[in-house]
Amino acid sequence: MFRQLPPVPDHPTLEEEILSWWEERRIFDRLRERNHGGPVWSFIDGPVTANKTLGVHTAWGRTLKDVFQRYKALRGFDQRYQNGFDCQGLWIEVGVERELGLNSKRDIEEYGLAEFARKCREKVAWSAQELIRGSKRLGQWMDWGNDYYTFSDTNISYIWRFLKLVHERGWLYRGHRSTEWCPRCGTSISAHELVGSYEERIDPSLFVRFPLIDRPGQSLTIWTTTPWTLPANVAAAVHPDEEYGLQENGEWVAVKRYPDETYVERRRGADLVGWRYDGPFDHLPAAKGIAHRVISWDEVTMDEGTGIVHIAPGCGTEDFELSRVHDLPIVMPVDEAGRFYDRFGWLHGLSTSESAEQIVADLAERGRLVAAAEYTHRYPFCWRCNTPLIFRIADDWFISVDDVRPRLLAANATVEWTPAYFGKRMDDWLRNMGDWNISRRRYFGLPLPIYPCGCGHVTVVGSRAELKELATAGMDQLVELHRPWIDAVEIRCPACETEGVQRIPEIGDVWLDAGIVPFSTLGWQNPQWVEGGYGTGAANELTGADLPDHEYWQSWFPAHWVSEMREQIRLWFYSQLFMSVCLVDKAPFRSVLGYEKMLDEHGRPMHGSWGNLIPAEEAFARMGADVMRWQYCDQPPDRDLLFGYGPAHEIKRKLLTLWNSVGFLVRYANIEGFRPTVSDLAPGPVGVELRPLDRWILERTKKLVTDATAALEEQLTHRLIAAFESFVDDLSNWYIRRSRRRFYGYDDAAFRALWFALVTGLRVIAPVMPFLADHLWRNLVADPCAEAPDSIFLAGWPELGEPDERLLAEIAEVRRIVELGREARSTAGVKLRQPLRRVYVRGARLAREHAQEIAEELRVDEVGFDQGPVAQVRLLPNLRVLGPRLGRKVPEIKAALERGEVEELGGGRLRVAGEELEAEEVIRGERVEISGWTIAYNETVSVALDTEIDAELELRGQVYELIHTVNTMRKDAGLELTDRIVLTLPDRGDVLGHKDWIKAETLATRIEVGEALAITKA
Ligand SMILES: [Zn+2]
Ligand SMILES: [Zn+2]
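First, a word on what this report is: a plain description of the structure on this page. Predicted model, so just to flag it, every value in this text is computed and none were measured. (Residues numbered from 1 in each chain as written. Chains lettered and ligands numbered in written order. Predicted model: local features only at pLDDT ≥ 70, side-chain atom pairs only at ≥ 80, totals over all residues. Heavy atoms only, no water.)

### Overview of the coordination of the zinc ion (ligand 1)
Here is step 1 of the chain: Protein coordination of the zinc ion (ligand 1) is provided by Cys182 (SG), Cys185 (SG), Cys382 (SG) and Cys385 (SG), with donor distances spanning 2.2 to 2.4 Å.
Here is step 2 of the chain: Its four donor atoms give the zinc ion (ligand 1) angles of 104 to 118 degrees at the centre, a pattern that matches the tetrahedral case.
Here is step 3 of the chain: Residue classification places cysteine 185 among the buried residues on the basis of a relative accessible area of 0%. (Donors = N, O, S within 2.8 Å, 3.2 Å for Na, K, Ca; no water. Tetrahedral: all angles 85-135°; square planar, octahedral: opposite > 155°, others 65-115°. Buried < 20%, exposed > 50% of the residue type's maximum accessible area, 1.4 Å probe, protein only.)

Structure representation (structure tokens):
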């Protein structure tokens, strides 16, 4: 006996049950044991930042990872299942700062770096447990407990080794340059961190006068949206080839910008070069001794402003570059926290935004302001704390990329990207990216192992062992490779033997932490396997992961597959590729599945403060993990996912078709005593006489397996879902619908075919919906068949061979005709229960053998092929093309087209009124129907139904209605499907003429004539 199914599945309850059953039966362990020693499939998990609980965004990626790992496991591949956590750097710091109520670097330093590091580690440990809990609930199978943590000393040492190598090749350098800077975080922001960080912002728009020293009464007018940069002005740039003009009010501007003004003098920009002017804040100490002058710059745009550009090399990248070309002084107005230095007088201590209003007022007071307004533009914000960024000059450490760029491009060319345009984006990024800024002025992160000595020698330490060798102090209290402990370690300079050389205080870009993972977790160049050896330093006791040996690395590197969202192209995919190419000149992954963004179901970004963020816990409870996973997998990766309860509801509705089909099998199998045999799973039922429809559903099932396999091999889960949905539709709305009566008695072939089809369907959808699949597998297979694997995941992937495409195409065509026929009926407003005389089908080559089924489904007496009326396509001349060519003959052609007097010449070409017309010279308009018929069609098939209803047809229609009503009454009366009844009918001779038919369809033992329609149990 199968367990009866409730009317709808209770996903969350069923999932919790399966979770504990998996645990109890050690299903995942057994799966791994089973695949151990099999072919290797290497997946490397991109580390999730351990500073939060599981969100529905993260659950998306985790689902895809799980789907493909489960699929590969079903196919017998040996896998590692190592999960990873990103544990240090600004993300973690910002969260901890917030919790501790700290809001500046000074606050952190006062709090104490050792205690701060401990808090950061605590946060990671807490979050890791939360993420593991949430991921398990999602159904993700990973080697939990053996996760990698990027803040382990092991991971850090591997990065040190990478940096040492980069230094040996001469690519590591310290750069003095202008960079985007977050004043709150007090650190520079690297180019790959800026992507996607631009938002609309309103800034002041100022026109400011710079009086010319040698031309009294005249001044340059410049335009700026960043008032705080004005005190750092040193030059004004003009385009050498553009024309500038002096207005009557004494102001110089570009003529092109104000073409309607009157100019008293006009000059080429080149003539203005060298003119001296009074700076806007010359009275402040910081501006002392600065000779402001006009310079020439080809990049001056005539699209906005005045055509004269204010240049402050301390506050902008291009300005900074210009200072090198023109030997301009550099004035740095603000400190690391974005506040004015004391040499800026009354501005001292003000932030860039606080100063704006006062600067405007001051300029106005001194008669320097021409105009002030507001300006909306795209402006970069810090991606971690959302503070508007500024430009600062900073000394940062860089890895120069030019030498390695061609090799990166070559390595990327070996990678198979899905969607393909992601690979193109990576290519673009690799071609255009600047040097990699790897240093951050922060606390809890990768300590950069850079020790510059006064003699000029820079030591880059490649490992902890090497550090110990060189150390002259501090090693004894080095608890882990983090600040403040690492800062206490001093070394001896190998070049000059000077002792007490200190590490630079900077920490590293987090993408170094994640990029090294294909080396640090797989034991690259590690001579000996160390059990439990990965979890060192801050990761100590958080993980039991081993540090494998080099041989292991060789068998698992490069990864067969990685998968993350699109932004990771410039982040994790990039840093991994970069480090891997530097270390071994090879891409670290062979294929990548990327995906776009997640938005809410209305297409808005999800934000905690907008109230549209769905916590994963809530989604588990309200939609269930299977439904979430379905939603993620149904998404083409090249489009944004609109996630929410609306789509979840729709999915649940669709899943009911599957559920009801299983319910149907279970109900009648229990009534009829059907017992399945596990050997039917492959290759399907044998040794029983199959009917054509059974043969079809077996082929249809093979087709599902072929399609599903292809979809998963192409990494396109939405195609798997589409294949499954269409299969369930065929199974339910054709196979079961047309075989229903066979299940009312014991028909071995029907039961076995249906069982096989349903169970095989579950097997291919199992990676997407592991809970529902195993739940139903247990009911349909494991419980009734003693020799069957207890979990669907221990049953392997179905292999059934190639389907009979011809048979499938035939039935697909029949189904299309029936659909079109129903559509035609509904257009004409004729009920499905009303029999009709005839249907004519055109353009269906394969369906001829199935006239009987078509007649039954469409309730018609006669089916004819390639006869009867066709929907006429209205043809019109394409005047735009034909007009110029045939001129006055066009009206004649138009008339002939309207009368349908055309001769087809093939390829869409027509002969009309003696002219040969090309396909594009004729517009194919709407179709015109013929009276007395209703017609529906698609590109190839048209179906015409005769809508005339005579008295005989009408009577049969009434009988069908009656049968339907009686059967509804049976259901309402709570009768079993097999119960017999006595039917009472009002005296209507015409209907009573069909007594036997009515009795058979309603299971009536006899019909009595009475007052009103009634039934009683016989
Ligand atoms: Zn910030
Ligand atoms: Zn030295």
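### So, the packing of aromatic side chains
Here is step 1 of the chain: The tally for this structure, following the rule as stated, stands at 50 aromatic pairs.
Here is step 2 of the chain: Through successive ring pairs, a cluster of aromatic residues spans Phe664, Tyr668, Phe674, Phe743, Tyr744, Tyr746 and Phe751.
Here is step 3 of the chain: Residue placement shows arginine 70 over the ring face of phenylalanine 793; its charged tip is 4.5 Å from the ring centre.
Here is step 4 of the chain: The residue whose ring lies beneath arginine 366 is phenylalanine 281, and the NZ or CZ to ring-centre distance is 5.0 Å. (Phe/Tyr/Trp six-rings, centres within 6.5 Å; stacked < 30°, edge-to-face > 60°. Lys NZ or Arg CZ within 6 Å of the ring centre and 35° of its normal.)

### Focus on the sheet that holds strand 22 (residues 490–491)
Here is step 1 of the chain: Strand order in this open sheet of three strands is 21-22-23, and the pairing throughout is antiparallel. This sheet does not close on itself; its edge strands, each paired only once, are strand 21 (471–473) and strand 23 (501–502).
Here is step 2 of the chain: Two elements, strand 22 and strand 23, share two bridges in a ladder whose sense is antiparallel. By the bridge assignment for strand 23, glutamate 490 is matched with glutamine 502. (Pairing = 2+ DSSP bridges. Helix = DSSP H or I, 4+ residues; strand = E, 2+ residues; numbered from the N terminus.)

### Thoughts on a negative patch on the surface
Here is step 1 of the chain: On the surface, Asp298, Glu299, Glu318 and Glu321 cluster together into a patch of negative charge.
Here is step 2 of the chain: Here glutamate 318 is to be found in helix 10 (residues 317–326). (Patch = residues over 30% accessible without salt bridge, like charges linked within 9 Å, V, L, I, M, F, W, Y side chains within 5 Å. Areas by Shrake-Rupley, 256 points an atom, 1.4 Å probe, with all protein chains shown as cover. Salt bridge = Lys/Arg side-chain N within 4 Å of Asp/Glu carboxyl O. Lys, Arg positive; Asp, Glu negative; His and termini not counted. Charge placed at Lys NZ, Arg CZ, Asp CG, Glu CD.)

### Notes on the nonpolar core
Here is step 1 of the chain: Phe162 and Tyr735 are the most contacted members of the largest nonpolar core, which has 239 residues in total.
Here is step 2 of the chain: Looking at this core, the element that brings in the most residues is helix 24 (residues 748–765), giving 13 residues.
Here is step 3 of the chain: Those residues within four positions of phenylalanine 162 in sequence are excluded, and the remaining contacts are Ile399, Leu512, Ile516, Phe578, Met579, Cys582 and Leu583.
Here is step 4 of the chain: In this structure, Val294, Ile295, Val331 and Val334 belong to the second largest nonpolar core, which totals 51 residues. (Core = buried A, V, L, I, M, F, W, Y, C linked by side-chain atoms within 4.5 Å. Contact = heavy atoms within 4.5 Å.)

### Re the pattern of salt bridges
Here is step 1 of the chain: By the definition in use, this model includes 92 salt bridges.
Here is step 2 of the chain: Two residues, lysine 597 and aspartate 640, come together in a salt bridge whose shortest N-O distance is 3.7 Å. In this pair, lysine 597 sits in the loop between strand 26 (589–595) and strand 27 (598–600) while aspartate 640 sits in the loop between helix 20 (625–633) and strand 28 (641–643), placing the two residues 43 residues apart along the sequence.
Here is step 3 of the chain: Since its relative accessible area comes to 41%, lysine 597 is described here as partly exposed.
Here is step 4 of the chain: Its relative accessible area of 28% is what places aspartate 640 among the partly exposed residues.
Here is step 5 of the chain: Among the salt bridges present, the one from aspartate 707 reaches lysine 703, with a minimum N-O distance of 3.3 Å. Of this pair, aspartate 707 and lysine 703 both sit in helix 22 (residues 692–713), four residues apart, which is roughly one turn of that helix.

Purely spatial values, then, with no claim about function.
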